[in-house]
Amino acid sequence: MKYAILIGDGMADYPIEKLGNRTILQAARTPAMDSIAARGRAGLAKTVPDSFPPGSDVANMSILGYDPATYYSGRAPLEAASMGVALAADDVAFRCNLITTEHGMIKDYSAGHISSDEAEILIDTLDYELSTENIRFYPGISYRHLIVAGNNLGAETECTPPHDITGEKIDKYLPRGKDGEFFSELIEASKVVLELHPVNLKRVDEGKNPANSIWVWGQGYAPKFTAFKELYGKKGAVISAVDLLKGIGIYAGLDVIEVHGATGYLDTNYEGKVRAAIEALKTRDLVFVHVEAPDEAGHEGSIEKKLKAVEDFDSRIVAPILEYAENSDEPFTILVLPDHPTPISVKTHTRDPIPFAIYRTDKPETDNVEAFDEESVKNGSMGLVKASELIEILIKS
């Protein structure tokens, strides 16, 4: 048996008045996911335990078969692993967003989805200007970067994700608690470095949002994972544009496959991801394919972009992998799902249970579900499940 887990980040949503009180999944054209739901088993999965924040880190860790209650230590350490940044026992890794501020507010949590080349120049400048014995900056992809603080600095600081507070006054959400003042001052210092940087002056001239500040959040120590193969007896791979998913894969002992042109946005290389997934399955039992675009569109509050992202995920990821599976000489199990909702109305993650569907090419089943969306799957035979148990359900079914 081969396994393909296809994750459309943030696809789930709430009913939207402009769409006739339908959700994005209900309004989008998704024949491939609908086919999987109609010929398989469907249900709802709780990816975020009640005691955890509804982040992609917690949700995707659950989907990959790791209970956050046992394994979660923070988002940034997972991204550090993907970036090749080794953490000492007393190192605290922070996500460092490049953001746009205006009139004392967070205008854009992604600085206009700044390019990685531009961002690297800015992060290198910040590292030169602001790094100390205890603080170092590391460039990542687009707006997503890393700060590593030594000597347990910031481990207990209270931080807020910037995509949760777009349009809000910065002063209300600066880091708080132990070491909060230090990181608040670091954010303020970054503005001095970035405001008149040539990269940002050029972006302003081009009508783009400047990356005129950093924002720190998602900190934690390096986690300790049990290898995926040890837990489930399967060899697998992860394909994603974002460091978070790659980091989970690295800690889990999964192969992380890089795809040229994978951006984490609407312009990502869908076809390259499919080719990589098919190639990976020739020598591995299982592949996770993650697409970030629906989540980004949800954070932007764009109905049009999220509809496109979901339809692209269906036609350019799910459909070709489904076709490959059905024409394969080997039996396949496909699981399709979002990691969490990113509703247009709130522009951030929620912890509502998400729809999922499981289809086996050698054992088609029907359970009164004809479409893949939040409401239809409630008629599915799987009911409500704990997401961290899905991998075991797949393998044992």
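Residues numbered from 1 in each chain as written. Predicted model: local features only at pLDDT ≥ 70, side-chain atom pairs only at ≥ 80, totals over all residues. Heavy atoms only, no water.

- As annotated in an unreviewed UniProt entry, the protein carries the name 2,3-bisphosphoglycerate-independent phosphoglycerate mutase and is attributed to Methanosarcina mazei.
- Check the Pathway (unreviewed entry) section of the UniProt entry for the protein; it says "Carbohydrate degradation; glycolysis; pyruvate from D-glyceraldehyde 3-phosphate: step 3/5."
- Taken directly from UniProt, the Sequence similarities (unreviewed entry) text for the protein runs: "Belongs to the BPG-independent phosphoglycerate mutase family. A-PGAM subfamily." (UniProt positions renumbered as here; feature names shortened; annotations may be inferred.)

**A word on the UniProt feature "domain: Metalloenzyme" (unreviewed entry) in the protein**
Argument step 1. Here the UniProt feature "domain: Metalloenzyme" (unreviewed entry) sits at residues 1-395.
Argument step 2. With 34% helix and 20% strand, residues 1-395 has end C-alpha atoms that lie 9 Å from one another. (Helix = DSSP H or I, 4+ residues; strand = E, 2+ residues; numbered from the N terminus.)

**A word on the nonpolar core**
Grouped burial of nonpolar side chains is what soluble globular proteins tend to show.
Argument step 1. Leu6, Met33, Val287, Phe313, Val336 and Phe372 are the most contacted members of the largest nonpolar core, which totals 51 residues.
Argument step 2. When residues of this core are assigned to their parent elements, the largest contribution, ten residues, is made by helix α13 (residues 303-326).
Argument step 3. Setting aside residues no more than four positions away along its own chain, Met33 makes contact with Met11, Leu25, Val310, Phe313, Asp314, Val318, Val336 and Phe372. (Core = buried A, V, L, I, M, F, W, Y, C linked by side-chain atoms within 4.5 Å. Buried < 20%, exposed > 50% of the residue type's maximum accessible area, 1.4 Å probe, protein only. Contact = heavy atoms within 4.5 Å.)

**Remarks on the domain arrangement of the protein**
Argument step 1. Here the protein is described as being made up of domain 1 (2-72 + 225-396) and domain 2 (85-221).
Argument step 2. Each of domain 1 and domain 2 has a C-alpha centre, and these two points are 29 Å apart.
Argument step 3. Every contact between the two is made by 14 residues of domain 1 and, on the other side, eight residues of domain 2.
Argument step 4. Counting each side, the surface lost to burial between domain 1 and domain 2 is near 810 Å², with a carbon and sulfur contribution of 45%.
Argument step 5. Inspection of the region where domain 1 meets domain 2 yields one salt bridge.
Argument step 6. Between domain 1 and domain 2 we count five residue pairs in polar contact (both at pLDDT 80 or more) in total.
Argument step 7. Breaking the side of domain 1 that touches domain 2 down by element, the ones donating at least two residues are α10 (243-251) and α12 (293-300). (Domains from an automatic or database assignment. Buried area = accessible area lost by both parts, 1.4 Å probe. Salt bridge = Lys/Arg side-chain N within 4 Å of Asp/Glu carboxyl O. Polar contact = N/O pair within 3.5 Å; in protein donor to acceptor, adjacent residues only side chain to side chain.)

**A short note on the layout of surface pockets**
Argument step 1. By volume, the largest pocket is sized at about 360 Å³.
Argument step 2. Lining the largest pocket are 24 residues, with Pro53, Tyr72, Pro161, Trp217 and Gly218 positioned closest to its centre.
Argument step 3. Only α3 (56-63) and β7 (213-220) provide two or more residues apiece to the lining of the largest pocket.
Argument step 4. Among the elements that line the lining of the largest pocket, the one with the most residues is β7, at four residues.
Argument step 5. Residue composition of the lining of the largest pocket, grouped by class: nine nonpolar, eleven polar and four charged.
Argument step 6. Each of domain 1 (2-72 + 225-396) and domain 2 (85-221) gives at least three residues to the lining of the largest pocket.
Argument step 7. The volume enclosed by the second largest pocket comes to roughly 250 Å³.
Argument step 8. Residue classes in the lining of the second largest pocket are distributed as five nonpolar, five polar and two charged. (1 Å grid on protein atoms, 1.4 Å probe; cavity = no way out; pocket = protein on both sides within 12 Å on 5 of 7 lines; lining within 4 Å. Points joined across faces, edges and corners; volume = space filled by probe spheres on them. Nonpolar A, V, L, I, M, F, W, Y, C, P; charged D, E, K, R; others polar.)

**Details of helix α8 (residues 198-205)**
Argument step 1. The complete set of buried residues in α8 reads Val199, Asn200 and Arg203. Burial along α8 is one-sided: seen end-on, the buried residues are contained in an arc of 90 degrees. Counted as exposed and oriented over 90 degrees from the buried face of α8: Pro198 and Asp205.
Argument step 2. Structurally, α8 contributes buried residues whose contacts are with α6 (116-130) and α7 (180-194).
Argument step 3. After α8 finishes, the residue Gly207 shows a positive phi value of roughly 80 degrees. (Arc of directions from axis to C-beta.)

**Topic: the packing of α3 against α10**
Argument step 1. The N-to-C vectors of α3 and α10 enclose an angle of 40 degrees; their axes lie 10 Å apart at closest approach. Looking at the two axes, α3 sits oblique to α10. Read as a crossing pair, α3 and α10 show a hand that is right-handed. Taking contact as the criterion, the partners of Ser56, Asp57, Asn60 and Met61 in α3 are, on α10, Leu244, Leu245 and Ile248. (Axes fitted to C-alpha atoms, helices over the stretch in contact; angles between N-to-C directions. Parallel < 35°, antiparallel > 145°, perpendicular 65-115°, else oblique. Left-handed = near helix turned anticlockwise from the far one by under 90°.)

**Some thoughts on the state of the cysteines**
Argument step 1. Summed over the entire model, instances satisfying the criterion amount to zero disulfides.
Argument step 2. Free cysteine Cys96: the closest other cysteine sulfur is in Cys159, separated by 11 Å.
Argument step 3. Relative accessible area serves as the criterion here: at 0%, Cys96 is assigned to the buried category. (Disulfide = S-S within 2.5 Å.)

**Quick notes on the environment of Lys306**
Argument step 1. Within the element layout of this structure, Lys306 appears in helix α13.
Argument step 2. When its relative accessible area of 0% is taken as the criterion, Lys306 is described as buried.
Argument step 3. Spatially, the C-alpha atom of Lys306 lies 5.2 Å from that of Pro294, the residues being twelve residues apart in sequence.
Argument step 4. What Lys306 contacts, discounting residues up to four positions off in sequence, is Gly10, Met11, Ala12, Asp13, Ile24, Pro294, Ala297, Gly298, Thr342, Pro343 and Ile344.

**Here we look at the pairing of strand β2 (residues 41-46)**
Argument step 1. Burial runs high along β2: five of the six residues are buried.
Argument step 2. Pairing analysis gives five bridges linking β2 to strand β12 (residues 354-360), with the strands arranged antiparallel. The residue of β12 that forms the bridge with Leu44 is Pro355. (Pairing = 2+ DSSP bridges.)

**Regarding the packing of α12 against α13**
Argument step 1. Running from N to C, α12 and α13 cross one another at 170 degrees; their axes reach a closest spacing of 8 Å. As summarised for this structure, α12 and α13 are arranged roughly antiparallel, according to the angle between their axes. Counting all contacts with α12, which are made through Ala293, Pro294, Ala297, Gly298 and Glu300, the residues of α13 involved are Lys305, Lys306, Ala309 and Val310.
Argument step 2. In terms of residue class, the contact of α12 with α13 is made up of five nonpolar, one polar and three charged.

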